[in-house]
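Descriptive structure summary
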Amino acid sequence: MIVLVINAGSSSVKFTLFNMSDGKKVLAQGLIERIGIEGTSMKYSNHKGGKFEQKVQVANPTDAVKEITRNLVSPEYGVLGSLSEINAIGHRIVHGMEKISKPVLLTKEAKEIVRECFSLSPLHNPHNLAGIEACEAVLPGVPNVGVFDTAFHATMPDYAYLYGIDYKWYEKDFIRRYGFHGTSHEYVSRAAASFLGKPYESLRIITCHLGNGASVTAIKDGKCQDTSMGLTPLEGLIMGTRSGDLDPAVVLHIMTLTGKNPKEMDVLLNKESGVLGIGGIGSSDLRDIEEAAGKGNKRCEVALKMFAYRVRKYIGAYIAVLSGLDVLVFTAGAGENSSTLRASVLAGLDELGLTVDPKRNDPRSSEIRQISTDAGRVKVLVVPTNEELAIADLTTGLLKG
Ligand code: AMP
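Values in this document were obtained by computation on a predicted structure and should not be read as measured data.

Some points on the environment of L105
- Within the secondary structure, L105 is located in strand β7 (residues 104-105).
- Sequence separation between L105 and V147 is 42 residues; the distance between their C-alpha atoms is 9.2 Å.
- Those residues in contact with L105 that lie beyond four places of it in its chain are A110, P143, N144, V145, L398 and L399.

Thoughts on the site of the ligand
- Taken together, G211, N212, D285, L286, R287, E290, A332, G333, A334, N337, S338 and R364 make up all the residues around the ligand.
- Contact distances for the ligand include 2.8 Å between an oxygen atom and a backbone N or O atom of L286.
- Against a free-state accessible area of 500 Å², the protein chains account for coverage of 74% of the ligand.
- Per-element tally for the shell around the ligand: the top contributor is helix α12 (residues 332-337), with four residues.

Looking at the nonpolar core
- Residues I206, L210, L328 and L346 are the most contacted members of the largest nonpolar core, which totals 41 residues.
- Of all the secondary structure elements, the ones that give two or more residues to this core are β9 (204-210), β10 (214-220), α10 (286-294), α11 (298-321), β12 (327-331), α13 (339-346) and β14 (379-382).
- A per-element tally of this core places α11 first, with nine residues.
- Leaving out residues up to four positions away in the same chain, L210 has contacts with L237, F307, V311, F330, T331, A332, G333, A334, G335 and L341.
- Listed in part, the 30 residues of the second largest apolar core include I35, V79, C135 and L139.

Thoughts on the pairing of strand β5 (residues 51-55)
- As judged from the five bridges shared by strand β4 (residues 41-46) and β5, these two strands associate in the antiparallel manner. Following the sheet pairing, Y44 is matched in β5 by F52.
- The hairpin formed by β4 and β5 contains four residues between the paired strands, and G49 there has a positive phi angle of roughly 95 degrees.

Considerations on the sheet that holds strand β1 (residues 2-8)
- One open sheet accounts for eight strands, arranged β5-β4-β3-β2-β1-β6-β8-β7; its pairing is mixed. Of all strands in the sheet, those with a lone pairing partner are β5 and β7, marking the two edges.
- Bridge count for strand β2 (residues 13-19) against strand β3 (residues 25-33) is seven bridges, and the pairing is antiparallel. The partner of K14 across the bridge, within β3, is L31.

Structural notes on the packing of helix α2 (residues 108-116) against helix α3 (residues 125-138)
- Contact geometry of α2 with α3 gives a least axis separation of 8 Å together with a crossing angle of 150 degrees. Classed by the angle they form, the pair α2 and α3 counts as roughly antiparallel. Two packed elements cross with a definite hand, and for α2 against α3 that hand is left-handed. Where α2 abuts α3, its residues K111, V114 and R115 lie against N125, L129, I132, E133 and E136.
- In terms of residue class, the contact of α2 with α3 is made up of three nonpolar, one polar and four charged.

Procedures and definitions
- Residues numbered from 1 in each chain as written.
- Predicted model: local features only at pLDDT ≥ 70, side-chain atom pairs only at ≥ 80, totals over all residues.
- Heavy atoms only, no water.
- Helix = DSSP H or I, 4+ residues; strand = E, 2+ residues; numbered from the N terminus.
- Contact = heavy atoms within 4.5 Å.
- Near = heavy atom within 4 Å.
- Polar contact = N/O pair within 3.5 Å; in protein donor to acceptor, adjacent residues only side chain to side chain.
- Areas by Shrake-Rupley, 256 points an atom, 1.4 Å probe, with all protein chains shown as cover.
- Core = buried A, V, L, I, M, F, W, Y, C linked by side-chain atoms within 4.5 Å.
- Buried < 20%, exposed > 50% of the residue type's maximum accessible area, 1.4 Å probe, protein only.
- Pairing = 2+ DSSP bridges.
- Axes fitted to C-alpha atoms, helices over the stretch in contact; angles between N-to-C directions.
- Parallel < 35°, antiparallel > 145°, perpendicular 65-115°, else oblique.
- Left-handed = near helix turned anticlockwise from the far one by under 90°.
- Nonpolar A, V, L, I, M, F, W, Y, C, P; charged D, E, K, R; others polar.

Structure, rendered in structure tokens:
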């Protein structure tokens, strides 16, 4: 079964083509960036070692899908004899509100739900829908499946997802916590259980997805109990450019001080805050922040401490939510690659059963691995996430019934 995974964003379309029948092999992958703006370019690589990076004429998502599929069958870089070999397309979709809690075939009704979520996810869902419609136009007759970032969190209990504001806001305007990165949290938690050879449903797991966007999820009996992101991805951890949790009065106070409107506040909190705003070196990349801190930059030092401290606070809270813990997972860019961050998050938590073994934590690896001591009660694992593969798996699973 050949599955094309599409992640359509505001100005980019990412793609991965899998042969699910041949060891889930990646046949080709890449992205088109800066769609509709100056300097549109495409990166492409295939399993035969062919690759290129070049400027392309792409003005919209349909052009992007045309350009991607043209390359998938081109004499020079192609990996398919014909586009009719593509059996299914899996789409990453950010928001499904309470209406979608599992992968779905993107029928007219399902697409209507994606559209209904525009107001809650204005930066993502419209582009996700444009990606679906582009695939329908370029690859007619191929089934499109939607995999939703919010879906895994649909099992959160009401006392975890409601905000402490008048209930009418939930009833009328659907204002509640939804959570994001669900595909990644589910993928790495399931991978952790199978790595440990334990039934997924028997474990209490905390997953820390620490990338440019970052969130922590508490999982029990195979179900999400709570997660750190909320109505939008702004809530929770301090991230690359997002503030994470704030006293809402901070927002009101800055608006009063500066006269900024909601749109400007959105930019301030989502794009200019987090370690970017605290570190003050013009970078949101933790590698740059770690390097500057290493050279004695005090603001970068505190940015790193704040990042790790917030993760630690959520871990502590979620151990209480789960009434204990069996497995802690680190994943995503920083979670997978920064041993100093992991060590700093877990320093001195031996009494909670969390004991990191530096000999296991320090070496770099792209493999799933245990970094806790064998004596530690909680297994601490690093599990590389692979959202594209998770989407391809879920797409295949749905279509095979
Ligand atoms: P992601 O969003 O999962 O692609 O993660 C990207 C982020 O991971 C980057 O912006 C960095 O902040 C972080 N990252 C990646 N590699 C490292 C590393 N070796 N050390 C620290 N942070 C890293």
